[in-house]
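A closer look at the structure
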Amino acid sequence: MTDENSLMIRKIALSFAMHAEADPIAGRLGLSEPRILREGLPARIRTGRCGHIDIMLCAQGIDPVHGVDRIGTESAALTAWVLAEEHEPDLLINAGTCGGFECRGGAVGKTYLAGGHFLYHDHLIPIPGFKELGEGRIPVTPYGAIEELLAIESGPVSSGVSLTTNDHERAFFEREEVVAKDMEATAIASVARDLALPFMALKTVTDLVDHPEPSQDAFQRNLASSTEQLTDHLERLLRFLAEGRTLGELSR
Ligand code: ADE
């Protein structure tokens, strides 16, 4: 039996919600111009190589009705499924921005690797069994070698459908010691689990959930600078993986 952990990583899929998050790394790696991922989906794919590794980078695309990036869990899951099914990567990485938590050491520009569990904070279904389904609680594969390489912390990422936060969600974040609030990672983790696809998420803080400034204001002000931080980490990670690494080497 082949141990997938001993296989060299040769194909990496990168999933992003927004073009503004995806374009800087695509530029640094010299990837192709965006193409349609699948007819009928706004998602766009850019391909190329980093050393000996094939890179497939996908952004969720522009909503044809509203003219903005189609962010959110539904589009994230759909795009990830098509990307994985069509391109069969060895590893899927969701990279993007997130809300952070000052009370747990978060700061604008700080990057986290997902750790612990992937959670949903707003899928509330108070019926036994469905409650647990709603919370996600998808175990994260620990990638200690990456935390060490990038000198970053890890912690629980929680996804939902809103940029704003309510009191119920604040209590959930405290209880679960969430370090990153986003709108995609857990939905993609669920797809990766169904497909038995190795998955990690890298998230950089644009705004602080436990700060009085509205998230949308800080998010818009900091999107470009936080994406620059994210891109630096991602480039370092990809160039490290391109030296020839196995999944087993990463998950210690
Ligand atoms: N992405 C960036 N900031 C966010 C927030 N506060 N909530 C959800 N997704 C985000």
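Residues numbered from 1 in each chain as written. Predicted model: local features only at pLDDT ≥ 70, side-chain atom pairs only at ≥ 80, totals over all residues. Heavy atoms only, no water.

Describing the overall build of the protein chain
On a plain count of helices and strands, the protein chain comes out with eight helices and 10 strands. Relative to a compact globule of 252 residues, whose C-alpha radius of gyration would be 18 Å, the protein chain shows 17 Å and is just as compact. The principal-axis extents of the C-alpha atoms in the protein chain amount to approximately 45 × 40 × 35 Å. Considering the protein chain as a whole, with its 252 residues, one finds that 54% of them fall into the buried category. Considering only contacts within the protein chain whose residues lie at least 6 apart along the sequence, 74% involve residues at least 24 apart. (Helix = DSSP H or I, 4+ residues; strand = E, 2+ residues; numbered from the N terminus. Rg over C-alpha atoms; globule rule 2.2 N^0.38 Å. Buried < 20%, exposed > 50% of the residue type's maximum accessible area, 1.4 Å probe, protein only. Contact = heavy atoms within 4.5 Å.)

Describing the site of the ligand
What surrounds the ligand is the set Thr-97, Cys-98, Gly-99, Ser-162, Leu-163, Lys-181, Asp-182, Met-183, Thr-206, Asp-207, Ser-215 and Phe-219. Leu-163 places a polar main-chain atom, nitrogen or oxygen, 3.4 Å from a nitrogen atom of the ligand. Contact with the protein chains hides 97% of the accessible area of the ligand, taken as 260 Å² for the molecule alone. Listed by contribution, the elements that provide at least two residues to the shell around the ligand are strand S5 (91-100), strand S9 (180-182), strand S10 (199-208) and helix H7 (215-241). (Near = heavy atom within 4 Å. Polar contact = N/O pair within 3.5 Å; in protein donor to acceptor, adjacent residues only side chain to side chain. Areas by Shrake-Rupley, 256 points an atom, 1.4 Å probe, with all protein chains shown as cover.)

Remarks on a nonpolar patch on the surface
A grouping of Ile-125, Ile-127, Phe-130 and Leu-133 is seen on the molecular surface, where their side chains present a nonpolar patch of about 380 Å² in accessible area. As for its placement among the helices and strands, Phe-130 is situated in helix H3 (residues 130-135). Given a relative accessible area of 45%, Phe-130 falls into the partly exposed group. (Patch = residues over 30% accessible without salt bridge, like charges linked within 9 Å, V, L, I, M, F, W, Y side chains within 5 Å. Salt bridge = Lys/Arg side-chain N within 4 Å of Asp/Glu carboxyl O.)

Quick notes on the pattern of salt bridges
A full pass over the atoms with the stated rule returns 19 salt bridges. Two residues, Asp-182 and Lys-203, come together in a salt bridge whose shortest N-O distance is 2.7 Å. Placement of Asp-182 in strand S9 and of Lys-203 in strand S10 is noted, with a sequence separation of 21 residues between them. Residue classification places Lys-203 among the buried residues on the basis of a relative accessible area of 1%. One salt bridge in this structure joins Glu-213 and Arg-221, with 2.7 Å as the shortest N-O distance. Note on Glu-213: relative accessible area 26%, which makes it partly exposed. A single salt-bridge network, built from bridges that share partners, covers Arg-28, Glu-228, Asp-232, Glu-235 and Arg-239.

Here we look at the pairing of strand S8 (residues 153-159)
Of all seven residues making up S8, five are buried, and the element is well covered by its neighbours. Here strand S6 (residues 111-120) runs beside S8; their pairing, made up of six bridges, is parallel. In the sheet register, Leu-119 faces S8, and the bridge partner there is Ser-158. Judged from the three bridges that link them, S8 and S9 form a sheet pairing that is parallel. Paired with Val-157 across the two strands is Ala-180, which belongs to S9. With respect to chirality, the unit in which S8 leads through helix H5 (residues 167-176) into the neighbouring parallel S9 is right-handed. (Pairing = 2+ DSSP bridges. Right-handed = clockwise from strand over helix to strand, strands pointing away.)

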